[in-house]
Amino acid sequence: MSKKEDFVKFDKVDKSYDGKVLVVKDLNLDIEEGEFVTMLGPSGSGKTTCLMMLAGFETPTNGEIYLDKNPISNIPPHKRGIGMVFQNYALFPHMTVFENLAFPLRVRKISKEDIEKKVDKALSMVSLSEFGNRMPGQLSGGQQQRVAVARALVFDPSVVLMDEPLGALDKNLRESMQYEIKHIHESIGVTVVYVTHDQGEALTMSNRIAVFNDGKVQQLSSPDKLYEEPVNSFVAEFIGENNTFAGEISDISNGSCKVKLDQGEIIANPISVKSVGEKTTVSIRPERALINPKDKMDNNQKGKIEEVIYHGDHTRVRLNLLGNSEFILKVPNSSQNLDIKLGNEINIGWNSHDARALDPK
Amino acid sequence: MSSETQKILSTDGIPLEESLKKAEKKNKIKAFLLVTPLLLFLIITYIVPIADMFSRSIDDKMVTNMLPKTFKAMEQWDGKELPSEEVFEAFYLDYKILVKNKTAGKLQTQLNYEKNGFKSVLKKLARKQKKFEEGNYKEQIMKVHKRWRNVEYWRAIKRRAPAYTYSKYLKGVDMYSNEDGKIVQVAEDRRIHRILWSRTLEVAFFVTLFCFLMAYPIAHLLATLPMKYSNLLMICVLLPFWTSLLVRTASWMILLQQQGIVNDFFVWIGLVTDDNRPEMMYNKTGTYVAMTQILLPFMVLPLYSVMKTISPSLMRAGKSLGATPAVAFFKVYFPLTIPGIGAGCLLVFILAIGYYITPALVGGASGTLISNQIAYHMKSTLDWSFASAMGLMLLTGVLVIYWIYNKLVGVDNIKLG
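Residues numbered from 1 in each chain as written. Chains lettered and ligands numbered in written order. Predicted model: local features only at pLDDT ≥ 70, side-chain atom pairs only at ≥ 80, totals over all residues.

1. Observations regarding the overall build of chain A
Piece 1. Scanning chain A from terminus to terminus reveals eight helices and 20 strands.
Piece 2. Here chain A holds 361 residues, and the buried ones make up 39% of them.
Piece 3. Considering only residue pairs separated by 6 or more positions, chain A has 65% of its internal contacts joining residues 24 or more positions apart. (Helix = DSSP H or I, 4+ residues; strand = E, 2+ residues; numbered from the N terminus. Buried ≥ 20, exposed ≤ 12 C-beta atoms within 10 Å, placed from the backbone. Contact = placed C-beta atoms within 7 Å.)

Next up, the structure:
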């Protein structure tokens, strides 16, 4: 079976609630069949609005959304056949778990035996076979969550939307649920559109991530690309940890540039800068800068250790480097890092390829 | 294992249960002291009056105390034929004292309840008895009025002999115990109380229904509108609460009377002709309209408080799972509002069943309810024991409804907010 490309397609979608502010601006997004796409962004960035438009609870102010090539703006939610997992599960409190799962099948007038078969299958998928007769109120948060997932999948929808489904769970449970949802996705191959503000969640689960800010998709790419190669300073800041230097381009040639800072100068990889004199923000991941590098690196600076925080498997070191007193290093714990002591001056090196000169903040 | 080893001791060696009781004693006393004012208030203003009402409704000591000698003499009388001279003499002596003390009027009223026309007979006796000679009272009394020869009047007196009676309760449902002591219905044209009871139930039922039909959409809107609109709407709902009941009822009179605003409007739009204005007041219509308006907030508020707690995502979930809006409403939303419906209906029904002032003002003859009858007996006939009896019947009726409701829906499911 060949997978359909642009199975879900947002085409130039705008959304405004009050006619003054655009919550979603010119959104274009293609989602492949069977893909797990996460909309990631801070609150108020428009990601939930996009999900609601796809589910049919909000109408686009402009533009069109296509599901399997068909425009769906005029189709009411109950005819879209899209499963949805809500933030607080939205299980029907007056129905048992079984009735909750049977609800979408009953409204589709499926025969009683088929309903029982399908519900049993869905319950065993989330390993809750024994819980059919319980009321949702008698279940723990994690169990309710799994019931909600099973309910969204039981009627075999082509797309499942999940609106911060793990937000109410504690950390350990959240992590195990991440894997569980990921496995369910892999085993049944349904298209999932997932909304979260938790970047860890997005990185673990998704095939692709759309980073939202200010109503726009800032970057749409796979988790590793998003982390390694952010295209602008918002994405670099939002995903993972990040050291930044603000400066001005003093020279640019052959895929490398010189950035003049308030104190000193560094060599960087020009991503969104083109000419000399442009303002820029240079972004370096903490684990890409090394202490006393053995191999030769084209950036070498001296920094003073201002703070050392022990984290078990690694140590976080805060340095004052080139006037930036927030420069963070992650040093793996090994017996060699002996001169990491408060107040010491150390040599720091990094490759210019890992220092990405992005747009100024 | 013996029970001694099971007993858990605290660190000091005192049994744990005892030491727990000791530790909590202070808190329990404090809690009790806090509720004492309310408890006293309830006892004085609620329990005591109801107990008093009950004793008043079955109390028949007044007549018993007025005619002590007569009832003693009547103990031997079988009630088949006219009583003996002994009874006549005793009655004469009792009645003489009453006339002297100027309390004969009460007896006349009481006995008139028992037998119509007794009052005039007794009044005549009060005038004539001054000239009675000693001895042969039977002849003398019978000479005063021929009705004294009728055994029924004597039976009427005897019926009032016991200190306690349930006759008022029988009267409340248009029954009485006849001369033979059998419980029978009153004549068909005099069965007014049953009409009133059934009308009260009917009005309460329909008022509850109308309130429900109107309050449900309002409450839903209140619970789902954005804050600034819902506050405004809430004020509109509560505004009647802040207006005097009398003012509201009076304004309905202005609106609904035949020359009133509503009728003027109907004439103006040509719905009715000027000389054919419908009567919307001083009948059941007036009672329905005014009571529904007055009791509406009691339905809105419990419904609102329940709907407020229903997450809007539940309806969305229903729709996203493929239910049409109507199905989602009836399968998901409606069942979740049942506690509020129960609370609102119970509240409105119970309030409506005992409603007094509005039916009295706008009800007219065909719109009065049982409570108006109670008030009538309190104020006009001064038959307080009958009023008490009907009041208690009303209270019992409410308790029965509450009990049925508890069986059907369960009181735990009520949510008042």
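What follows picks up the thread again.
2. Re the overall build of chain B
Piece 1. Helix and strand counts for chain B come out as 20 helices and two strands.
Piece 2. Computed over the C-alpha atoms, the radius of gyration of chain B is 31 Å, more than 25% above the 22 Å expected from 2.2 N^0.38 for a compact globule of 417 residues.
Piece 3. Structurally, chain B occupies a C-alpha span of about 100 × 90 × 35 Å along its principal axes.
Piece 4. Taken across its 417 residues, chain B has 29% of its residues classed as buried.
Piece 5. Restricting to contacts in chain B with at least 6 residues of sequence separation, those with at least 24 account for 68%. (Rg over C-alpha atoms; globule rule 2.2 N^0.38 Å.)

3. Some words on the nonpolar core
Piece 1. A:Leu54, A:Ala150, A:Leu161, A:Val193, A:Ala210 and A:Val211 are the most contacted members of the largest nonpolar core, which totals 98 residues.
Piece 2. A total of six residues in this core trace back to one element, the largest contributor, which is helix H4 (residues 141-153) of chain A.
Piece 3. Within the second largest apolar cluster, 46 residues are counted, among which are B:Met291, B:Cys345, B:Ile353 and B:Phe386. (Core = buried A, V, L, I, M, F, W, Y, C linked by C-beta atoms within 7 Å.)

4. Some points on the pairing of strand E12 (residues 256-260) of chain A
All names here are of chain A.
Piece 1. Residues of E12 alternate between two faces, with Cys257 and Val259 buried on one and Ser256, Lys258 and Lys260 left unburied on the opposite face.
Piece 2. In the sheet, strand E11 (residues 243-253) pairs with E12 via five bridges, with the strands oriented antiparallel. Each bridged residue has a counterpart across the sheet, and for isoleucine 252 the counterpart in E12 is cysteine 257.
Piece 3. Taken together, E11 and the strand that follows it, E12, pair antiparallel across an intervening segment of two residues, in which asparagine 254 is found at a positive phi of about 45°.
Piece 4. Across four bridges, E12 lies against strand E13 (residues 265-270) in antiparallel orientation. Its bridge partner lying in E13, cysteine 257 is registered against alanine 268.
Piece 5. Hairpin connection between E12 and E13: a loop of four residues separates the two successive antiparallel strands, and glycine 264 in this loop has a positive phi of roughly 85°. (Pairing = 2+ DSSP bridges.)

5. A few points about the sheet that holds strand E3 (residues 36-40) of chain A
Residues and elements named next belong to chain A.
Piece 1. If you walk across this open sheet you meet the six strands as E6-E7-E8-E3-E9-E10, and the pairing is mixed. Strands with a single pairing partner mark the edges of an open sheet, and in this sheet they are strand E6 (82-85) and strand E10 (216-221). The mean angle between the axes of side-by-side strands here comes to 20°, regardless of whether they run parallel or antiparallel.
Piece 2. Note: strand E9 (residues 208-213) against E10, five bridges, orientation antiparallel. By the bridge assignment, asparagine 213 is partnered in E10 with lysine 216. (Axes fitted to C-alpha atoms, helices over the stretch in contact; angles between N-to-C directions.)

6. Notes on the sheet that holds strand E16 (residues 299-310) of chain A
Piece 1. As summarised here, the arrangement of the five strands in space is E15-E19-E16-E17-E18 (chain A), forming an open sheet in which the pairing is antiparallel. Taken across any chain shown, the strands that pair with only one partner, and hence form the sheet edges, are strand E15 (290-291) and strand E18 (324-332) of chain A.

7. Some details on the interface of chain A and chain B
Piece 1. Taken residue by residue, the interface counts 19 residues in chain A and 15 residues in chain B.
Piece 2. Of all the elements in the fold, those that place two or more residues in the side of chain A that touches chain B are E6 and helix H2 (97-106) of chain A.
Piece 3. Per-element accounting of the side of chain A that touches chain B gives the leading share, three residues, to E6(A).
Piece 4. Broken down by class, the residue content of the side of chain A that touches chain B amounts to 13 nonpolar, four polar and two charged. (Nonpolar A, V, L, I, M, F, W, Y, C, P; charged D, E, K, R; others polar.)

8. What to know about the pairing of E9(A)
All names here are of chain A.
Piece 1. Of all six residues in E9, five are buried, a share of seventy percent or more.
Piece 2. Judged from the four bridges that link them, E3 and E9 form a sheet pairing that is parallel. Bridge pairing in E9 links threonine 38 to isoleucine 209.
Piece 3. Where E9 hands over to E10, the hairpin turn is made up of two residues, of which aspartate 214 adopts a positive phi near 55°.

9. Describing the domain arrangement of chain B
By a widely used convention, the size of an interface equals the accessible area lost when the partners come together.
Piece 1. Segmenting chain B into domains produces domain 1 (61-159) and domain 2 (192-413).
Piece 2. Computed over C-alpha atoms only, the centres of domain 1 of chain B and domain 2 of chain B are separated by 51 Å. (Domains from an automatic or database assignment.)

10. As for the confidence of the model for chain A
Piece 1. Chain-level pLDDT for chain A is 86 on average; 98% of the residues reach the 70-or-more range.
Piece 2. Mean pLDDT across the secondary structure elements of chain A bottoms out at E15(A), with 82, and peaks at H2(A), with 92. (pLDDT = per-residue confidence, 0-100.)

11. Regarding helix H8 (residues 137-144) of chain B
Residue and element names in this part refer to chain B.
Piece 1. When we look at burial in H8, the residues that qualify are Tyr137, Lys138 and Ile141. For H8, the buried positions fall inside an angular range of 100° around the axis, keeping them on one side. Opposite its buried face, H8 presents the exposed residues Glu139 and Lys143, each directed more than 90 degrees away.
Piece 2. In this structure, the buried residues of H8 make contact with helix H5 (85-100) and helix H7 (118-128). (Arc of directions from axis to C-beta.)

12. A look at the domain arrangement of chain A
Residues and elements named next belong to chain A.
Piece 1. Each assigned domain of chain A is listed here: domain 1 (8-233) and domain 2 (241-358).
Piece 2. Relative placement of domain 1 and domain 2: their C-alpha centres are 39 Å apart.
Piece 3. With four residues of domain 1 in contact, the opposing surface of domain 2 contributes six residues.
Piece 4. Taken together, the residues of the side of domain 1 that touches domain 2 sort by class into two nonpolar, two polar and no charged.

13. A closer look at unusual backbone geometry
A negative phi angle is the norm for most residues apart from glycine, just as the trans form is the norm for most peptide bonds.
Residue and element names in this part refer to chain A.
Piece 1. Not every positive phi belongs to a glycine, and tyrosine 89 is a case in point at roughly 70°.
Piece 2. Relative to the helices and strands, tyrosine 89 is located in the loop between E6 and H2.
Piece 3. Judged by the 24 C-beta atoms lying within 10 Å of it, tyrosine 89 falls in the buried class.
Piece 4. The phi torsion at aspartate 214 lies on the positive side, around 55°, for a residue other than glycine.
Piece 5. Assignment of secondary structure puts aspartate 214 in the loop between E9 and E10.
Piece 6. You can call aspartate 214 partly exposed: it has 15 C-beta atoms within 10 Å.

14. Focus: helix H1 (residues 47-55) of chain A
Piece 1. Most of H1(A) is tucked away: eight of the nine residues are buried.
Piece 2. For H1(A), the set of buried residues is A:Lys47, A:Thr48, A:Thr49, A:Cys50, A:Leu51, A:Met53, A:Leu54 and A:Ala55.

15. Some thoughts on the environment of A:Gly46
All names here are of chain A.
Piece 1. Counting through the fold element by element, glycine 46 comes out in the loop between E3 and H1.
Piece 2. Note on glycine 46: 22 C-beta atoms within 10 Å, which makes it buried.
Piece 3. Taking C-alpha positions, glycine 46 is 7.4 Å from asparagine 213, a pair spaced 167 residues apart along the chain.
Piece 4. If we ignore the near neighbours within four places in the chain, the residues touching glycine 46 are Val23, Val24, Phe212 and Gly215.

16. Structural notes on the packing of H2(A) against helix H3 (residues 112-125) of chain A
Helix packing for two helices is described by the angle between their axes and how far apart those axes are.
All names here are of chain A.
Piece 1. Two elements in contact, H2 and H3, have axes separated by 10 Å at closest approach and are oriented at 130°. In terms of axis orientation, H2 runs oblique to H3. Note that H2 runs across H3; the crossing there is right-handed. Here H2 contributes Phe98, Leu101, Ala102, Leu105 and Arg106 to the contact with H3, which in turn contributes Ile115, Lys118, Val119, Ala122 and Leu123. (Parallel < 35°, antiparallel > 145°, perpendicular 65-115°, else oblique. Left-handed = near helix turned anticlockwise from the far one by under 90°.)

17. Let's talk about the packing of helix H15 (residues 284-308) of chain B against helix H17 (residues 325-353) of chain B
Residue and element names in this part refer to chain B.
Piece 1. Running from N to C, H15 and H17 point in directions that differ by 155°, and their axes come no closer than 8 Å. By the angle class used here, H15 and H17 are roughly antiparallel. As for how H15 packs across H17, the hand of that crossing is right-handed. On H17, the residues that touch Met291, Leu295, Phe298, Met299, Pro302, Leu303, Ser305, Val306 and Met307 of H15 are Thr337, Pro339, Gly340, Ile341, Ala343, Gly344, Leu347, Val348, Leu351 and Ala352.
Piece 2. In the contact of H15 with H17, the residues fall into 15 nonpolar, four polar and no charged.

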